[in-house]
Amino acid sequence: MILFRKRTIRLVPFYLLYMAAVLAAYAAESEEIVAQVFGDRVYCYLLVPPFIWTISTIDGSTKKPSFIRMKSRNQCLLFLLLQQYLFAVIYLTTWFSMIYILAIWHGERYLFVDMFSSYIRYLLSFFLLANISEMLKRTKNKMLSTMPFISAYLLLLIDEQVIQSVTNRNGITIRLIFSWAFQPLGLVLLPIFLAITTLLLLQLNRTYDIF
């Protein structure tokens, strides 16, 4: 797996320093760290971009010999998704652990159950982002298939920043997909979205030219 290669492991200090720098910046501005770092802006502009860059690197670094040894297209797809999902677990577990430790250090009282609920919703949304990226890569639209990860990130920004900003000004609420990561109901809806996109992805993968 690409995640456990030496060149990938060398990036671990970068991720840790990046997370520490983000949390330190918010800790310096406010004593309520948890409330600050769980905002949609931190999620969209600070937490998601490194994830998008990493899963796109995983996708691009998977070599043809790895696929040749597999028996089917779906095995190739699951091999990619497994690595992307695994990185999401490692990445978010580290992020939430650092937040929890820092919150305790600052004397903040935040229920573990509430933080774990947020962790699961974030994790599901990251899985969903990986699914949608791979779906876009397999579409017949050249622009989307050429830049699937950037396109998926733009969809996230439209959903979470543009639509939410416009609808909130008009006193209405419209949530599409990723914005449910910040709502308790997301624990129900996000798995449904994930299942639907997985089925669609498997369908698109039938005609996708791996090589």
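Residues numbered from 1 in each chain as written. Predicted model: local features only at pLDDT ≥ 70, side-chain atom pairs only at ≥ 80, totals over all residues. Heavy atoms only, no water.

Draft legend 1. Representation of the environment of Ile-52. Mapping Ile-52 onto the fold places it in helix 4 (residues 40-61). Its relative accessible area of 9% is what places Ile-52 among the buried residues. For the pair formed by Ile-52 and Ala-88, sequence separation is 36 residues and the distance between their alpha carbons is 10.0 Å. Once you skip the residues sitting within four places of it in the chain, Ile-52 turns out to touch Leu-129, Ser-133, Phe-149 and Tyr-153. (Helix = DSSP H or I, 4+ residues; strand = E, 2+ residues; numbered from the N terminus. Buried < 20%, exposed > 50% of the residue type's maximum accessible area, 1.4 Å probe, protein only. Contact = heavy atoms within 4.5 Å.)

Draft legend 2. Broad picture of the nonpolar core. With 55 residues, the main nonpolar core has Tyr-43, Tyr-91, Leu-92, Trp-95, Phe-126 and Leu-156 as its most contacted residues. Counting residues per element, this core draws most heavily on helix 7 (residues 112-137), which supplies 13 residues. Excluding anything up to four places from it in sequence, Tyr-43 contacts Val-48, Tyr-122, Ser-125, Phe-126, Leu-156, Ala-181 and Phe-182. (Core = buried A, V, L, I, M, F, W, Y, C linked by side-chain atoms within 4.5 Å.)

Draft legend 3. Up close: the confidence of the model for the protein. On average, residues of the protein carry a pLDDT of 86, and 90% of them reach 70 or more. Mean pLDDT across the secondary structure elements of the protein bottoms out at helix 5 (residues 64-68), with 57, and peaks at helix 10 (residues 186-205), with 95. (pLDDT = per-residue confidence, 0-100.)

Draft legend 4. How the structure looks around the pattern of salt bridges. Counted according to the given criterion, the structure contains two salt bridges. A salt bridge links Asp-59 to Lys-137; the nearest nitrogen and oxygen atoms lie 2.5 Å apart. One end of the pair, Asp-59, is in helix 4; the other, Lys-137, is in helix 7, and 78 residues separate them in sequence. Looking at Asp-59, the relative accessible area reads 10%, which means it is buried. Arg-138 is the salt-bridge partner of Glu-134, the closest N and O atoms lying 2.7 Å from each other. Here Glu-134 and Arg-138 have matching classes, each one buried. (Salt bridge = Lys/Arg side-chain N within 4 Å of Asp/Glu carboxyl O.)

Draft legend 5. Up close: the environment of Ala-181. Relative to the assigned elements, Ala-181 resides in the loop between helix 9 (148-169) and helix 10. Counting along the chain gives 55 residues from Ala-181 to Phe-126, while the straight-line C-alpha distance between them is 9.5 Å. Among all residues touching Ala-181, those that are not within four sequence positions of it are Tyr-43, Arg-121, Tyr-122, Ser-125 and Leu-190.

Draft legend 6. Structural view of helix 10. With 20 residues, helix 10 extends 27 Å between its outermost C-alpha atoms, agreeing within 8% with the 28 Å of an ideal straight helix rising 1.5 Å per residue. By the burial criterion, the buried members of helix 10 are Gly-186, Leu-190, Leu-194, Thr-197, Leu-201 and Asn-205. In an axial view of helix 10, the angular spread of the buried residues amounts to 75°, which keeps them on one side of the axis. Where the residues of helix 10 are buried, they touch helix 6 (73-105) and helix 7. (Expected span 1.5 Å × (residues − 1). Arc of directions from axis to C-beta.)

Draft legend 7. Here's a closer look at a nonpolar patch on the surface. A grouping of Leu-185, Leu-187, Val-188, Ile-192, Ile-196 and Leu-200 is seen on the molecular surface, where their side chains present a nonpolar patch of about 500 Å² in accessible area. Leu-185 sits in the partly exposed class, given a relative accessible area of 44%. (Patch = residues over 30% accessible without salt bridge, like charges linked within 9 Å, V, L, I, M, F, W, Y side chains within 5 Å. Areas by Shrake-Rupley, 256 points an atom, 1.4 Å probe, with all protein chains shown as cover.)

Draft legend 8. The packing of aromatic side chains, seen in detail. Throughout the structure, instances matching the rule amount to 18 aromatic pairs. Relative to Phe-182, the ring of Tyr-43 has its centre 5.1 Å away and its plane inclined at 80°; by these criteria the two rings are edge-to-face. Here Tyr-43 is found in helix 4, whereas its partner Phe-182 is found in the loop between helix 9 and helix 10, with 139 residues between them in sequence. Here Tyr-43 falls in the buried class, since its relative accessible area comes to 1%. For Phe-182, a relative accessible area of 21% puts it in the partly exposed group. Measuring from centroid to centroid gives 5.8 Å for Tyr-122 and Phe-182, while their planes differ by 75°, and the two rings are edge-to-face. Of this pair, Tyr-122 sits in helix 7 while Phe-182 sits in the loop between helix 9 and helix 10, placing them 60 residues apart in sequence. Over the ring of Trp-180 we find Arg-175; its NZ or CZ atom is 5.9 Å from the centre of that ring. (Phe/Tyr/Trp six-rings, centres within 6.5 Å; stacked < 30°, edge-to-face > 60°. Lys NZ or Arg CZ within 6 Å of the ring centre and 35° of its normal.)

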